[in-house]
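# Survey of secondary and tertiary structure
So the chains spell out like this:
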Amino acid sequence: QVQLVESGGGLVQPGGSLKLSCEVSGTIFRSTTMGWYRQAPGKQRDMVALITSGGTTNYAGSVKGRFIISRDNAKNTVYLQMNSLKPEDTAVYYCCTVWRTDNYWGQGIQVTVSS
């Protein structure tokens, strides 16, 4: 079974930073594409950042220059470093992987940016 377990969320002030982690099991992690998505209340779930097995990254325009996605294949873990956080970044963040033509999701973790 594929499992994704997220950690690192919480409450932070505008301008602050957080780092999310997602540990994956049940896949050949080094062969997967990983992503972070987010969903704010009443909104659609949107892509935030992607990273391929080879390390190529892609970011939503709203987070370019502020967020960094990375992976550690030895730890089966993908990270999202979030800097210069804004209230608009407040959402539930989900880790996602593509494995054998299907998508798998973590449980979601709350990030709240507020004074």
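Just so we're clear, the structure is a prediction, and the values are computed from it rather than from any experiment.

Now for the state of the cysteines. Here is the idea: a disulfide is a covalent bond, and it sits between the sulfur atoms of two cysteines. Under the definition given, this model contains one disulfide. For Cys22, the disulfide goes to Cys95, at an S-S distance of 2.2 Å. One quick way to see it: the torsion about the S-S bond of Cys22 and Cys95 is about -90 degrees, and its sign makes the bridge left-handed. Taken together, the positions of Cys22 in strand β3 (residues 18–25) and Cys95 in strand β9 (residues 91–99) put the pair 73 residues apart, joining distant regions of the chain. Each member of the pair, Cys22 as well as Cys95, is classed as buried. Between Cys96, a free cysteine, and Cys95, which holds the nearest cysteine sulfur, the sulfur-to-sulfur gap is 7.3 Å.

Pairing is antiparallel in the open sheet, where four strands are placed in the order β1-β3-β8-β7. The open sheet terminates on both sides in strands that have one partner only, identified here as β1 (3–7) and β7 (67–72). Taken pair by pair, the neighbouring strands of this sheet meet at an average axis angle of 15 degrees, ignoring direction.

Take the nonpolar core next. Ranked by internal contacts, the top residues of the largest apolar core, which has 29 residues, are Trp36, Leu80, Met82 and Tyr93. Once residues lying within four places of it in the same chain are set aside, the contact partners of Met82 are Gly16, Ser17, Leu18, Leu20, Arg66, Phe67, Tyr93 and Val111.

Another aspect to go through is the environment of Glu23. Examined against the element boundaries, Glu23 turns out to sit in strand β3. Separated by 53 residues in the primary sequence, Glu23 and Asn76 have C-alpha atoms spaced 5.7 Å apart.

What follows covers the pattern of salt bridges. Scanning the model with the defined rule gives two salt bridges in all. Between Arg66 and Asp89 there is a salt bridge, and its shortest N-O distance comes to 2.8 Å. One end of the pair, Arg66, is in the loop between β6 (57–59) and β7; the other, Asp89, is in the loop between β8 (77–82) and β9, and 23 residues separate them in sequence. Judged by relative accessible area, Arg66 falls into the buried class, the value being 9%.

Cut-offs and rules
Residues numbered from 1 in each chain as written. Predicted model: local features only at pLDDT ≥ 70, side-chain atom pairs only at ≥ 80, totals over all residues. Heavy atoms only, no water. Disulfide = S-S within 2.5 Å. Helix = DSSP H or I, 4+ residues; strand = E, 2+ residues; numbered from the N terminus. Buried < 20%, exposed > 50% of the residue type's maximum accessible area, 1.4 Å probe, protein only. Pairing = 2+ DSSP bridges. Axes fitted to C-alpha atoms, helices over the stretch in contact; angles between N-to-C directions. Core = buried A, V, L, I, M, F, W, Y, C linked by side-chain atoms within 4.5 Å. Contact = heavy atoms within 4.5 Å. Salt bridge = Lys/Arg side-chain N within 4 Å of Asp/Glu carboxyl O.

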